[in-house]
Amino acid sequence: MLEKRLETEELMDDPNLPEETYHEVLADLAKVNRVTMAYRPTLQFLERAVGNRKSFKLLDVGYGQGDMLREIAKWAKARGIEAELVGVDLNPRSEAAAKAATPRDLPITYRTGDYADLIDNRWDVVISSLVAHHMSHDELVLFLRFMEAEARAGWFINDLNRHALSHAGYPVLATLARWHPIVRADGRTSIARSYRPDEWQALLTEAGVTGAEVQRVFPFRLCVSRIR
Ligand SMILES: C[S@@+](CC[C@H](N)C(=O)[O-])C[C@H]1O[C@@H](n2cnc3c(N)ncnc32)[C@H](O)[C@@H]1O
């Protein structure tokens, strides 16, 4: 079990999901992110990638409810760094959900569309969270090449680790926390769809990327970072 990646679709990707249900799922996903300490590795990456810069321009691919971008806005404000934060998400329903959850004074712009259309935008940093496992092998190779070509300071993938302990432990946590049934089911599917450390090494080689680091982060994450 879990030897091979699962290719089952996730329930939240169903285009026929009612708008209200989709918003509830994203709101609970933001809770999962907080409880499982998912913001921390991305913020630690930014500490290193942004360094002493006084300002930076960041793209978050697949922002969902926008919670990672809100955390980054807080992080930058606390350090006196000027942040230009842009999110792009394929699902048109994410934009309304993220806008509704975001105070207007934060420096965040939400767009609907495919990240691949946002070339030549002089991004300093490109990040994503829980997005890589939604992509096929070939899509992921293209995504790695995009980030390598477009992110001037570095890029960061925050994703899950396809590991038996996570696969067994997540449903227990999700049931205790009473997250939405779709979030419970998709979390387990997501873990089974995710990549393992040796698979990431092969993907990086295929994409022609050198100098990236693959790192397990407690409890469920596997992150890939590249700093120039
Ligand atoms: C599981 S959600 C993750 C949401 C959020 N980042 C989080 O951590 O909670 C994955 C999101 O990636 C988006 N996505 C997948 N492929 C994409 C692409 N090529 N360009 C932009 N967004 C994409 C989907 O629409 C979906 O909203």
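Let me begin by describing the structure that accompanies this report. Just so it is clear, the structure is predicted and the values come from calculations on it, not from any experiment. (Residues numbered from 1 in each chain as written. Predicted model: local features only at pLDDT ≥ 70, side-chain atom pairs only at ≥ 80, totals over all residues. Heavy atoms only, no water.)

1. Brief notes about the overall build of the protein
Each helix and strand in the protein was counted, giving 8 helices and 7 strands. Each of the three principal axes of the protein carries a C-alpha extent, and together these read 45 × 40 × 30 Å. Burial statistics for the protein: of 228 residues in total, 53% are counted as buried. A fraction of 79% describes how many contacts in the protein between residues 6 or more apart in sequence connect residues 24 or more apart. Carbon and sulfur atoms form 53% of the exposed surface of the protein, whose accessible area is close to 11,100 Å². (Helix = DSSP H or I, 4+ residues; strand = E, 2+ residues; numbered from the N terminus. Buried < 20%, exposed > 50% of the residue type's maximum accessible area, 1.4 Å probe, protein only. Contact = heavy atoms within 4.5 Å. Areas by Shrake-Rupley, 256 points an atom, 1.4 Å probe, with all protein chains shown as cover.)

2. A short note on the sheet that holds strand S4 (residues 123-129)
The strands that make up a sheet pair up through hydrogen bonds in the backbone, lying either parallel or antiparallel. Taken in spatial order, the 7 strands of this open sheet run S3-S2-S1-S4-S5-S7-S6, and their pairing is mixed. Pairing within the sheet leaves two strands with one partner each, and these edge strands are strand S3 (108-112) and strand S6 (212-217). On average, each strand axis in the sheet is tilted by 15 degrees relative to the strand beside it, whichever way the strands run. Across 4 bridges, the pairing between strand S1 (residues 55-61) and S4 is parallel. Among the inter-strand pairings, Val61 is bridged to a residue of S4, identified as Ser128. (Pairing = 2+ DSSP bridges. Axes fitted to C-alpha atoms, helices over the stretch in contact; angles between N-to-C directions.)

3. What to know about the packing of aromatic side chains
Counted under the stated rule, the structure contains 8 aromatic pairs. Note on Tyr63 and Tyr110: the rings are 4.8 Å apart at their centroids and 50 degrees apart in plane angle, and the pair reads as tilted. Residue Tyr63 is located in the loop between S1 and helix H3 (67-78), and its partner Tyr110 is located in strand S3; the two are separated by 47 residues in the primary sequence. Overall, the relative accessible area of 4% leaves Tyr63 in the buried class. Look at Tyr110 and you get buried, because its relative accessible area is 7%. With a centroid separation of 6.3 Å and an interplanar angle of 20 degrees, the aromatic rings of Tyr170 and Trp179 are classed as stacked. For Trp179, a relative accessible area of 3% corresponds to the buried category. Put simply, the rings of Tyr115, Phe143 and Phe146 pair up and form one aromatic cluster. (Phe/Tyr/Trp six-rings, centres within 6.5 Å; stacked < 30°, edge-to-face > 60°.)

4. Observations concerning the layout of surface pockets
Size it by volume and the largest pocket reaches roughly 1,000 Å³. Asp13, Gly62, Leu130, Val131 and His134 are the residues nearest the centre of the largest pocket, which is lined by 50 residues in total. Top contributing element to the lining of the largest pocket by residue count: helix H7 (residues 181-193), with 7 residues. Its residues assigned to classes, the lining of the largest pocket shows 26 nonpolar, 13 polar and 11 charged. (1 Å grid on protein atoms, 1.4 Å probe; cavity = no way out; pocket = protein on both sides within 12 Å on 5 of 7 lines; lining within 4 Å. Points joined across faces, edges and corners; volume = space filled by probe spheres on them. Nonpolar A, V, L, I, M, F, W, Y, C, P; charged D, E, K, R; others polar.)

5. Brief notes about the site of the ligand
Residues in contact with the ligand amount to 20 residues; listed here are only the nearest, Asn33, Gly62, Asp89, Leu90 and Ser129. Here Asp114 contributes a side-chain N or O atom positioned 3.1 Å from a nitrogen atom of the ligand. Here the ligand is seated within the largest pocket. Among the secondary structure elements, those contributing two or more residues to the shell around the ligand are helix H1 (19-35) and strand S2 (82-89). Counting residues per element, the shell around the ligand draws most heavily on H1, which supplies 3 residues. Taken together, the residues of the shell around the ligand sort by class into 10 nonpolar, 8 polar and 2 charged. (Near = heavy atom within 4 Å. Polar contact = N/O pair within 3.5 Å; in protein donor to acceptor, adjacent residues only side chain to side chain. Sits in = over half its atoms within 2 Å of the grid points.)

6. Some remarks on the pairing of S6
Pairing geometry for S6 and strand S7 (residues 221-227), over 6 bridges, is antiparallel. When the bridges of S7 are listed, Gln215 appears paired with Cys223. Hairpin connection from S6 to S7: 3 residues lie between these consecutive antiparallel strands.

7. Some remarks on the nonpolar core
Among the nonpolar cores identified, the biggest contains 28 residues, and Leu59, Val126, Phe143, Leu144, Trp155, Ile157 and Trp200 are the most heavily contacted of them. Listed by contribution, the elements that provide at least two residues to this core are S1, S2, S4, helix H5 (137-150), strand S5 (151-160), helix H8 (197-207) and S7. A total of 6 residues in this core trace back to one element, the largest contributor, which is H5. Those residues within four positions of Leu144 in sequence are excluded, and the remaining contacts are Trp155, Ile157, Trp200, Leu203, Leu204, Ala207 and Val209. The next biggest cluster of nonpolar side chains, apart from the first, holds 27 residues, and it includes Leu58, Ala73, Leu85 and Ala153. (Core = buried A, V, L, I, M, F, W, Y, C linked by side-chain atoms within 4.5 Å.)

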